[in-house]
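# Structural characterization, general
If you want the building blocks of each chain, they are given just below.
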Amino acid sequence: MSEAAKPPEQRPEHPDFWCKRFGEGVTPWDAGKVPAAFAEFVARQRAPLDTMIPGCGSAWEAGHLAELGWPVTALDFSPAAVARAREVLGPAAVDLVCADFFTWQPPQPPALIYERAFLCALPRKLWADWGRRVAELLAPGGVLAGYFFVCDQANGPPFGILPEQLDELLMPNFARIEDAAVDDSIPVFAGRERWQMWRRR
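Residues numbered from 1 in each chain as written. Predicted model: local features only at pLDDT ≥ 70, side-chain atom pairs only at ≥ 80, totals over all residues. Heavy atoms only, no water.

Turning our attention to the layout of surface pockets. Reported here for the largest pocket is a volume of approximately 790 Å³. As for the largest pocket, its lining consists of 48 residues, and the residues nearest its centre are Trp 18, Trp 29, Ala 117, Phe 118 and Ala 121. Going through the elements one at a time, α1 (15–24), β1 (51–54), α3 (60–67) and β2 (72–76) are the ones with two or more residues in the lining of the largest pocket. Among the elements that make up the lining of the largest pocket, the one with the highest residue count is α1 (four residues). Residues that form the lining of the largest pocket fall into these classes: 31 nonpolar, six polar and 11 charged. (1 Å grid on protein atoms, 1.4 Å probe; cavity = no way out; pocket = protein on both sides within 12 Å on 5 of 7 lines; lining within 4 Å. Points joined across faces, edges and corners; volume = space filled by probe spheres on them. Helix = DSSP H or I, 4+ residues; strand = E, 2+ residues; numbered from the N terminus. Nonpolar A, V, L, I, M, F, W, Y, C, P; charged D, E, K, R; others polar.)

Here we take up the sheet that holds strand β3 (residues 95–98). Ordered in space as β3-β2-β1-β4-β5-β7-β6, the seven strands form an open sheet in which the pairing is mixed. Looking at which strands have only one partner, the edges of the open sheet turn out to be β3 and β6 (174–181). The average undirected angle you get between the axes of adjacent strands in this sheet is 20 degrees. By the bridge criterion, seven bridges tie strand β5 (residues 143–149) to strand β7 (residues 193–200) in an arrangement that is antiparallel. (Pairing = 2+ DSSP bridges. Axes fitted to C-alpha atoms, helices over the stretch in contact; angles between N-to-C directions.)

Bringing the packing of aromatic side chains into the picture now. Tallied over the entire structure, the rule returns 12 aromatic pairs. Their ring planes at 70 degrees and their centres at 5.6 Å tell us that Phe 22 and Trp 29 sit as a pair that is edge-to-face. Residue classification places Phe 22 among the buried positions, given a relative accessible area of 14%. The class of Trp 29 is partly exposed, set by a relative accessible area of 21%. Between Phe 149 and Phe 189, the ring centres sit 5.4 Å apart and the planes meet at 65 degrees, which makes this aromatic pair edge-to-face. Taken together, the positions of Phe 149 in strand β5 and Phe 189 in the loop between β6 and β7 put the pair 40 residues apart, joining distant regions of the chain. Classification of Phe 149 as buried rests on a relative accessible area of 4%. Judged by its relative accessible area of 2%, Phe 189 falls in the buried class. Through pairs of rings, three or more aromatic residues link up here, namely Phe 38, Phe 41, Tyr 114, Tyr 147 and Trp 195. We note Arg 21 situated over the ring of Phe 17; from NZ or CZ to the ring centre the distance is 3.5 Å. Just above the ring of Tyr 147 sits the side chain of Arg 116; from NZ or CZ to the centre is 4.5 Å. (Phe/Tyr/Trp six-rings, centres within 6.5 Å; stacked < 30°, edge-to-face > 60°. Buried < 20%, exposed > 50% of the residue type's maximum accessible area, 1.4 Å probe, protein only. Lys NZ or Arg CZ within 6 Å of the ring centre and 35° of its normal.)

Geometric descriptors of this kind do not, in isolation, establish any biological role.
Structure, rendered in structure tokens:
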């Protein structure tokens, strides 16, 4: 069966794929907490950054940012994911949006796009679109920061990306300013995750 012939709940580029998993409570990518490198990154910023989190899922990090007074927009195209995020966030001051990252337009360019289990959820045919989109959304000086699933895992999600493939997506518009191993990964990503920061040129 070709990819296009599969039903929507078997295609990760379709919201139904993720609605099925959230509906069944099968979310092995959900850490249920704020990962350490991100918490440290946030703590060392001199002022809050207007932040966008695409593919936010349960949105734990969005809640952390809101507690610290950061303006944050959390975005997911799965209504079930957004409903789960509403439960997690409670009354937190997060702009929670059910929309497609590739077409939704924020009212102003974010200063930070936080990456966590979003790129690796996308089939490889969408990677070039992702690279273009993060560059479009961030103004010069803006930052893309987060976790990248760096390995040669073709079957997913999660889909692994090789270092040279990530460079190909981002180097035309970004300079990498941090790259570090991750020691608190959840099992599905363990040993194959890098914390990276990229600055928009």
